[in-house]
Amino acid sequence: MPDQDNQHNIRSLWRYSCFNLFLLVLLGAWFWQQNQPVALPEIKLNPAAKLQCVSYSPYYGKEQTPLVKDTRITTAQIDHDLALLSQHFQCVRIYSVSQGLDYVPEAASRLGLKVMLGAWIGWVKTDNDKELKLATTLANRYPNTVTALIVGNEVLLRGEQTEAAMQDYLRTAKRATKIPVTYADVWEFWLKHRDMEKSVDFVTVHVLPYWEDDPQSINHASQHIATVMDMLSKSFTKPLFIGETGWPTQGRQRAGSIPSQLNQARYMREFIQLAQAKDWHYNLIEAIDQPWKRKLEGTVGGYWGLYSTGLEAKFYFNGSVAERHDGWRPLCWALLGIFAFGGLALATGKHRPSNFLSAASLGALVATVAFLQLGYLAAACRDTMEWAVLGSVALAGWLALTGLQFMLLTNFASPAKNKLAKIAMYSGLLVLIIGAAIAGWLQMTDGRYRDFPLVIYALPALQLSLGAWLTGIQIRTGWNIIYSIFIYVCGAVALVTAAIAVWREPNNLAAILWLGLSILLASALWPNPDLQPAKKN
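Since this is a predicted model, take the numbers as computed values, not measurements. (Residues numbered from 1 in each chain as written. Predicted model: local features only at pLDDT ≥ 70, side-chain atom pairs only at ≥ 80, totals over all residues. Heavy atoms only, no water.)

In this model helix α8 (residues 221–235) runs 21 Å from its N-terminal to its C-terminal C-alpha over 15 residues, within 8% of the 21 Å that 1.5 Å per residue would give. Within α8 the residues assigned to the buried category are Ala221, Ser222, His224, Ile225, Ala226, Val228, Met229 and Leu232. Considering only its buried residues, α8 is in contact with α7 (187–192), β6 (203–206), β7 (240–245) and α9 (261–278). (Helix = DSSP H or I, 4+ residues; strand = E, 2+ residues; numbered from the N terminus. Expected span 1.5 Å × (residues − 1). Buried < 20%, exposed > 50% of the residue type's maximum accessible area, 1.4 Å probe, protein only. Contact = heavy atoms within 4.5 Å.)

If you want it as structure tokens, here you go:
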């Protein structure tokens, strides 16, 4: 009964089109919500007042990194950066005096900017001695600019020196200069090494709610820092200084702690209000995004700055704040997708409204999600290898969806008559499943700095599971036994590792969504006897 089969196929396409339109509405609502300004607490400062201090690392340019010994920051860059920061801050904290940073006190002195000078202490004693000697020389040369000397930053946390060795370095610094001397580390390590208080003039603690062993959500972050500071004030007699506190704008969600632009703005404003009320002395981390940190800490490491690498302020301390500023770009991308896939539908010669609407709606989804994927790849990929790997997975998703669309428009779930579409869809699904298995395994074994790549997998997972089910496409048809075993094993690994991620962090929404996508991808593999290949449309 060709007419009956034809009507069934047309109804399937209408169902599929409604599914795509529903996804487009959800995606459009998400874009609208993300671009809406949100009212946040505002900082009440006198017009001439400035924030206290901010961490300044000038390694934001292309290939600038302190990890390469020959790196040298120019005086012109430092002059330009400090001129910007001096408009909003009373002080900058630097972590080293090497690689050109010995110029910072001189440049700051001309701007009336104070400096908390850092001497970097690592593994090698000769390097440490050289660094400390230069730092004390600069402190003595600029006594009206350098307000404190911070000898070592999280050295005990990294395990690069013992407590006794750090006390020796601090005593050396105190003998060489008259300015206050301190050591900086996370608050837990100060509690583990309380005797360090004897060697410093004040206690410099780092309190970062995102990096806690029990990560704090943005709703509890301010209360957490107040609790920590209250506990520290009872544990130490010398003055406390918050040497680092801040919030990242991109990267991996840790439990309920979510990096975002809105959360950074909220945390900073709430913290400064609290600091004003409690009369805390503080230093914010950090002035400018640091791309080089992504090699050490993943995506999140590069996005703690109050300024982007283009030196644009991410938010202001007064007024409303929006998470994203997309403008008309998502709509433009959606229109490109409609033209591309809609043109593909018309090129098949079947000008039914159901054919065009199914293709156009999928095209709008693919293009708009591609816009998001490119943004994610730019933020997450640290090197050429990661661009190649994650980019290949994204391309595999586009390939699979293109194959799905070809099958709908030409042979409508008859893959034997459309080998190119079949190969595209099967190959894309294979890469996605392998990629999900690898991503899940890395999350399970080394997940602290690894993102959940939700935007890469979301649309392909939805389309190859629910979309294929709505149209009656049986993706598994024709696989040989070796191929089937391999892909089922990969699917099982993806499912198990995703489930472990949720078990470890049950309040992590990203982990829950990743498990959901893994289930959808696995469901695309499962044979369903109710899905029979449809007849030619």
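Here the narrative resumes.
Within the secondary structure, Thr65 sits in the loop between β1 (51–55) and α2 (75–85). With relative accessibility at 11%, the residue Thr65 sits in the buried group. Beyond its immediate chain neighbours, meaning those up to four positions away, Thr65 contacts Tyr59, Thr71, Gln99 and Trp292.

Here helix α14 (residues 419–446) crosses helix α15 (residues 454–471) at 125°, and the two axes come no closer than 11 Å. Relative to α15, the element α14 is oriented oblique. Of the two possible hands of crossing, α14 and α15 adopt the one that is left-handed. Counting all contacts with α14, which are made through Met425, Leu429, Leu432, Gly435 and Ala436, the residues of α15 involved are Tyr457, Pro460 and Leu464. By residue class, the composition of the contact of α14 with α15 is seven nonpolar, one polar and no charged. (Axes fitted to C-alpha atoms, helices over the stretch in contact; angles between N-to-C directions. Parallel < 35°, antiparallel > 145°, perpendicular 65-115°, else oblique. Left-handed = near helix turned anticlockwise from the far one by under 90°. Nonpolar A, V, L, I, M, F, W, Y, C, P; charged D, E, K, R; others polar.)

With that out of the way, let us pick up the nonpolar core. Core analysis: the biggest nonpolar cluster contains 83 residues, and Tyr56, Leu82, Leu117, Phe271 and Leu284 have the highest contact counts within it. Ranked by residues supplied to this core, first place goes to α9 with seven residues. The contact partners of Phe271, leaving out residues within four places of it in the chain, are Ser222, Ile225, Ile242, Thr245, Trp280, Tyr282 and Leu284. In terms of nonpolar packing, the next biggest core, distinct from the first, is built from 62 residues, Cys381, Val393, Ala400 and Leu432 among them. (Core = buried A, V, L, I, M, F, W, Y, C linked by side-chain atoms within 4.5 Å.)

Further remarks concern the state of the cysteines. Counted by the stated rule, this structure contains one disulfide. With a sulfur-sulfur separation of 2.3 Å, Cys53 is cross-linked through a disulfide to Cys91. Sign of the S-S torsion, about -45° for the bond between Cys53 and Cys91, identifies this disulfide as left-handed. Residue Cys53 is found in strand β1, and its partner Cys91 is found in strand β2 (residues 89–93); the two are separated by 38 residues along the sequence. With relative accessibility at 2%, the residue Cys53 sits in the buried group. Given the relative accessible area of 7%, Cys91 is considered buried. (Disulfide = S-S within 2.5 Å.)

A full pass over the atoms with the stated rule returns 16 salt bridges. Here Arg450 and Asp446 are joined by a salt bridge, their closest N and O atoms 3.6 Å apart. The class of Arg450 is partly exposed, set by a relative accessible area of 27%. Residue classification places Asp446 among the partly exposed residues on the basis of a relative accessible area of 41%. When salt bridges that share partners are traced, they join Asp79, Glu106 and Arg110 into one network. (Salt bridge = Lys/Arg side-chain N within 4 Å of Asp/Glu carboxyl O.)

Here the focus is the packing of helix α11 (residues 329–347) against helix α12 (residues 353–380). Following both chains from N to C, one finds α11 and α12 inclined at 140°, their axes separated by 7 Å at the closest point. In this view, α11 runs oblique relative to α12, as classed from their interaxial angle. The handedness of the crossing between α11 and α12 comes out as right-handed. When the residues that make up the contact of α11 with α12 are grouped by side-chain class, the tally is 17 nonpolar, five polar and one charged.

Attention shifts here to the side chain of Arg252. When you line up the elements, Arg252 lands in the loop between β7 and α9. A distance of 3.1 Å separates polar atoms of two side chains, one belonging to Arg252 and the other to Glu505. (Polar contact = N/O pair within 3.5 Å; in protein donor to acceptor, adjacent residues only side chain to side chain.)

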